[in-house]
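What the coordinates show
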Amino acid sequence: MTAALVRRDYSLVGPEAEKAAEAGLVSAKWYSPSISRAELKALMRRDDQPAIRDTLIWFAALIVSGSLGFVFWGSWAAVPFFLIYGVLYGSASDSRWHECGHRTAFKTQWMNDAVYQIACFMILREPEIWRWSHTRHHTDTIIVGRDPEIIQPRPPDLVAMALSVFALKQGAAAFRKLVIHAGGRLTDEEMTFVPESERRKVYGVARIWLAVFAAVIAACVATRSILPAMFVGLPTFYGGWLTYYFGITQHLGLAEDVTDHRLNSRTIYMNPIFRFIYWNMNYHVEHHLFPLIPYHALPKLHQAIKADCPPPYRSTIAAYREIIPVLARQLSDPTYFVRRELPQRARPAPGGVAAVARA
Amino acid sequence: MSETWIDAGAADRISPQDVAPFEHDGRQYAIYRTADGRYFATDGVCTHEYAELADGYVEGTIIECPMHNGRFDFTTGEAKGAPACVNLETFPVKVEGGRILLKVA
Ligand code: FES
């Protein structure tokens, strides 16, 4: 059989959804490391302080870089300031969306909800849709036909990947869906994971967002300048590259259809600036194993369970050294993926070798 | 149907502001102890998908589900945060002679 013939259907309403259910991969029991209740309780403890500090720094950096961009607008001197503003807006919002969506970043819930709404707008992810899609991503992580957040199929779509560097593919899809939702409808796929009771919220938010974007366009027309959009709307695109650079490293190139996050997720060491922007999402295996643990405690969790996990990647460059050749090979052999080795004394994956072999 | 008080173990097996599992007659329960020493009990399994609440996180009178961080007020069973949308069943509980007693149907 040629590789082209084994291309799978990644939609949530196609034949792979049924196959996943038949294989027992839907809402399956996943590997969980053993850790004492006392230790887990200490790690799960919530604290407002780290997230308040980080959020104040984030907003202050947005205001300073945005103001300097405004001052120097019209000259090349504005470019570095908009580069910084764009990354803070279009990429740091990814991790704020994520952590506040889990409601673990702050101890105080209204703070999680407020930052979640702001970050969702910045990264163009509708709050209710993405809350539910991310719920599914945690239930059925990288299960084909179930997980709506698989970043690339096998073989990878290189054109889509190139467009995603500046969020063009996601942005086009987001605006198309905003129009659908503002009209009071969901797509067929969304209906598989957004419960009936939550759908009205989706329609309301879509209408508000479209009104905001219309106001930004009106401001651009009135001022005959794209400057208003440089602050609201466009930074999702020109500053979104780091979201994609980080996002690719989470799962891409690893096993599909395994019930063990150690085999389908990467933990990567990052420098402090990346970790500030990414809010420790680089401890991705740990996050999937214990979603209740806040971002600021993930480094400690990493230490607590690392004997049971494959070795972390030393840097994002190290991860890309693995990912790029895998993607190149998947172009001709979509069945190829990286098998992560568990440490010898680690607890085995659920289903053992069979679970890995299905991928 | 008669209601019975079941011995659910020693009261001090649950530390303050925490939760522990209890199984009876094939059914799972979650028993909570608040920071000020009050005890409560709910169904042991989340109403969203399958997850055991005894693996979750207690903050005040809220239990957060370990799977998707759905939130419930365990004193009333009320669902307080998506993806938890359906309330939990609650059960009367009391402590006598250092033992937790749970009233089940
Ligand atoms: S299983 Fe409890 S919130 Fe999803």
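Residues numbered from 1 in each chain as written. Chains lettered and ligands numbered in written order. Predicted model: local features only at pLDDT ≥ 70, side-chain atom pairs only at ≥ 80, totals over all residues. Heavy atoms only, no water.

**Notes on the packing of aromatic side chains**
- For the structure shown, the criterion picks out 22 aromatic pairs over all chains.
- Aromatic side chains Trp279 of chain A and Tyr295 of chain A sit 4.2 Å apart centroid to centroid with 15° between the ring planes, which places their arrangement in the stacked category. Here Tyr295 of chain A lies in the loop between helix H17 (284–289) and helix H18 (298–305) and Trp279 of chain A lies in the loop between helix H16 (272–278) and H17, a separation of 16 residues in the sequence. Take Trp279 of chain A and Tyr295 of chain A: they sit in the same class, and that class is buried.
- Ring centres of Phe22 of chain B and Tyr29 of chain B lie 6.2 Å apart, and the angle between their planes is 35°; on these two criteria the pair is classed as tilted. No difference in accessibility class separates Phe22 of chain B from Tyr29 of chain B, as the two residues are buried.
- Among the aromatic residues, those joined into a ring-pair cluster are Trp73, Phe82, Tyr85, Tyr89, Phe231 and Tyr238 of chain A.
- Sitting above the plane of the Trp279 of chain A ring, Arg96 of chain A keeps its charged end 4.3 Å from the centroid.
- Above the plane of the ring of Trp130 of chain A lies Arg125 of chain A, whose end atom (NZ or CZ) is 4.9 Å from the centre. (Phe/Tyr/Trp six-rings, centres within 6.5 Å; stacked < 30°, edge-to-face > 60°. Helix = DSSP H or I, 4+ residues; strand = E, 2+ residues; numbered from the N terminus. Buried < 20%, exposed > 50% of the residue type's maximum accessible area, 1.4 Å probe, protein only. Lys NZ or Arg CZ within 6 Å of the ring centre and 35° of its normal.)

**Digging into the layout of surface pockets**
- Of the voids in this model, the largest pocket is the one considered here, and its volume is about 1,400 Å³.
- Those elements that place two or more of their residues in the lining of the largest pocket are helix H5 (92–101), helix H7 (127–139), helix H8 (158–164), helix H9 (168–182), helix H10 (188–191) and helix H14 (241–251) of chain A.
- With 9 residues, H9 of chain A is the single largest residue contributor to the lining of the largest pocket.
- Each pocket or cavity is described by its volume, and for the second largest pocket that value is around 880 Å³.
- Surrounding the second largest pocket, 30 residues form its lining, Lys29, Ser32 and Leu289 of chain A together with Asp55 and Pro66 of chain B being those nearest its centre.
- Looking at the lining of the second largest pocket, the elements that each hand over two or more residues are helix H2 (37–44), H7 and H17 of chain A.
- Each residue belonging to the lining of the second largest pocket can be placed in one class, and the counts come to 18 nonpolar, 8 polar and 4 charged. (1 Å grid on protein atoms, 1.4 Å probe; cavity = no way out; pocket = protein on both sides within 12 Å on 5 of 7 lines; lining within 4 Å. Points joined across faces, edges and corners; volume = space filled by probe spheres on them. Nonpolar A, V, L, I, M, F, W, Y, C, P; charged D, E, K, R; others polar.)

**Observations concerning the environment of Thr34 of chain B**
Residues and elements named next belong to chain B.
- Within the element layout of this structure, Thr34 appears in the loop between strand E3 (27–33) and strand E4 (39–43).
- Beyond its immediate stretch of four places on either side in the chain, Thr34 contacts Pro16, Gln17, Phe40, Thr61 and Phe74.
- There is a polar contact of 2.5 Å between the side chain of Thr34 and the side chain of Asp36. (Contact = heavy atoms within 4.5 Å. Polar contact = N/O pair within 3.5 Å; in protein donor to acceptor, adjacent residues only side chain to side chain.)

**Remarks on H9 of chain A**
Residues and elements named next belong to chain A.
- Helix length check: H9, at 15 residues, gives a terminal C-alpha distance of 21 Å against a target of 21 Å (1.5 Å per residue), a fit within 8%.
- Taken as a whole, H9 has its buried residues at Gly171, Ala174, Leu178, Ile180, His181 and Ala182.
- Taken together, the buried residues of H9 touch H7, H10, helix H11 (199–223) and helix H13 (235–238).
- Phi turns positive, to about 85°, at Gly184, one or two residues after H9. (Expected span 1.5 Å × (residues − 1).)

**Overview of the environment of Pro127 of chain A**
Residue and element names in this part refer to chain A.
- As for its position among the elements, Pro127 is in helix H7.
- Overall, Pro127 belongs to the buried group, its relative accessible area being 1%.
- Residues Pro127 and Val202, 75 residues apart in the sequence, show an inter-C-alpha distance of 7.6 Å.
- Pro127 has contacts with Tyr116, Gln117, Cys120, Val205 and Trp209, leaving out every residue within four places of it along the chain.

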